[in-house]
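Structural description and commentary
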Amino acid sequence: MSCPVVGVLALQGDVREHLVALAAADAVARPVRRPEELAEVDGLVVPGGESTTISKLAVLFGLMEPLRARVRAGMPVYGTCAGMIMLADKILDPRSGQETVGGIDMIVRRNAFGRQNESFEAAVEVTGVAGGPVEGVFIRAPWVESVGAAVEVLATYDGHVVAVRQGNALATSFHPELTGDHRMHALFVDMVREERAVESL
């Protein structure tokens with residue numbers, strides 16, 4: 001099967017690092033800024049950055065509703081850090097006017113692990129990722145307060161949920177794109193391949 005085309009929402013945040021990691025995981029990686037670019041990808045990464053800014057820019061660029069529609073229709077999507085917040089059905093402490101794409105039945109707490117100067121790295125065991133722990137980079141990271149019955153918890157750190165999956169939606173509190181370890185991206189690219197295979201039947 002040909003390489004899946006995976007977009008990175010390129011409104012704000014660490015877009016380039018995700019493009020590099022996806023390419024290393026054998027995907028064709030493209031930045032996505034407009035609805036017509038979103039329509040051309042098989043899956044999408046929503047990167048870290050500032051969730052309020054990403055939310056407002058998605059509305060401004062006319063992407064919010066197309067994003068919600070694609071996610072509801074089953075497009076594979078992976079959110080890291082701010083991207084996790086964007087994929088949450090509910091934010092515990094949203095900023096004024098902050099919207100989410102939704103797709104994962106969870107409540108998240110913004111900046112739960114502390115401010116920028118409290119950023120840290122930690123080894124995280126992630127269900128479905130072989131080869132030992134993933135090195136998680138936590139930068140003003142959220143955590144998951146609670147999940148619905150359909151959500152699979154993939155990883156916890158210090159008693160808090162930091163990686164989840166619901167159907168074709170994947171989210172992590174941490175930034176795997178900053179470590180040179182592309183296993184999380186490979187897991188997501190495999191999800192995209194599986195969805196393409198189902199669609200081709």
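The notes below deal with the structure included here. From a predicted model like this one, the values you see are computed outputs, not experimental measurements.

Turning our eyes to something else, we now look at the pairing of strand β6 (residues 104–109). In β6, alternate side chains face the same way, and those of Ile104, Met106 and Val108 are buried while those of Asp105, Ile107 and Arg109 on the opposite face are not. When strand β5 (residues 88–91) meets β6, the two strands line up parallel, connected through three bridges. Its bridge partner being in β6, lysine 90 is matched across the sheet by isoleucine 107. Inspection of the sheet shows β6 paired to strand β9 (residues 143–147) by four bridges, in the antiparallel sense. Residue pairing in the sheet places isoleucine 107 in a bridge with serine 146 of β9.

In total, this model carries 11 salt bridges according to the counting rule given. Arginine 109 is paired through a salt bridge with glutamate 145; the nearest N and O atoms lie 2.7 Å apart. Of the two residues, arginine 109 is situated in strand β6 and glutamate 145 in strand β9; the sequence distance between them amounts to 36 residues. You can call glutamate 145 partly exposed: its relative accessible area is 37%.

Below, the discussion takes up the layout of surface pockets. By volume, the largest pocket amounts to about 200 Å³. As for the largest pocket, its lining consists of 15 residues, of which Gly49, Glu50, Cys81, Ile139 and Arg140 are closest to the centre. In terms of residue class, the lining of the largest pocket is built from five nonpolar, six polar and four charged.

An α-helix turns once every 3.6 residues. As a result, residues three or four positions apart point the same way. Listed in full, the buried residues belonging to helix α1 (residues 15–24) are Val15, His18, Leu19, Ala21 and Leu22. Along the axis of α1, the buried positions cluster into a sector of 165 degrees, meaning they face one direction only. Turning to α1, the residues buried within the fold contact β1 (5–9), β2 (28–32), β3 (43–46), β4 (77–80) and α6 (183–199). Immediately downstream of α1, the backbone of aspartate 26 shows phi near 70 degrees, a positive value.

What counts as what
- Residues numbered from 1 in each chain as written.
- Predicted model: local features only at pLDDT ≥ 70, side-chain atom pairs only at ≥ 80, totals over all residues.
- Heavy atoms only, no water.
- Buried < 20%, exposed > 50% of the residue type's maximum accessible area, 1.4 Å probe, protein only.
- Helix = DSSP H or I, 4+ residues; strand = E, 2+ residues; numbered from the N terminus.
- Pairing = 2+ DSSP bridges.
- Salt bridge = Lys/Arg side-chain N within 4 Å of Asp/Glu carboxyl O.
- 1 Å grid on protein atoms, 1.4 Å probe; cavity = no way out; pocket = protein on both sides within 12 Å on 5 of 7 lines; lining within 4 Å.
- Points joined across faces, edges and corners; volume = space filled by probe spheres on them.
- Nonpolar A, V, L, I, M, F, W, Y, C, P; charged D, E, K, R; others polar.
- Arc of directions from axis to C-beta.
- Contact = heavy atoms within 4.5 Å.

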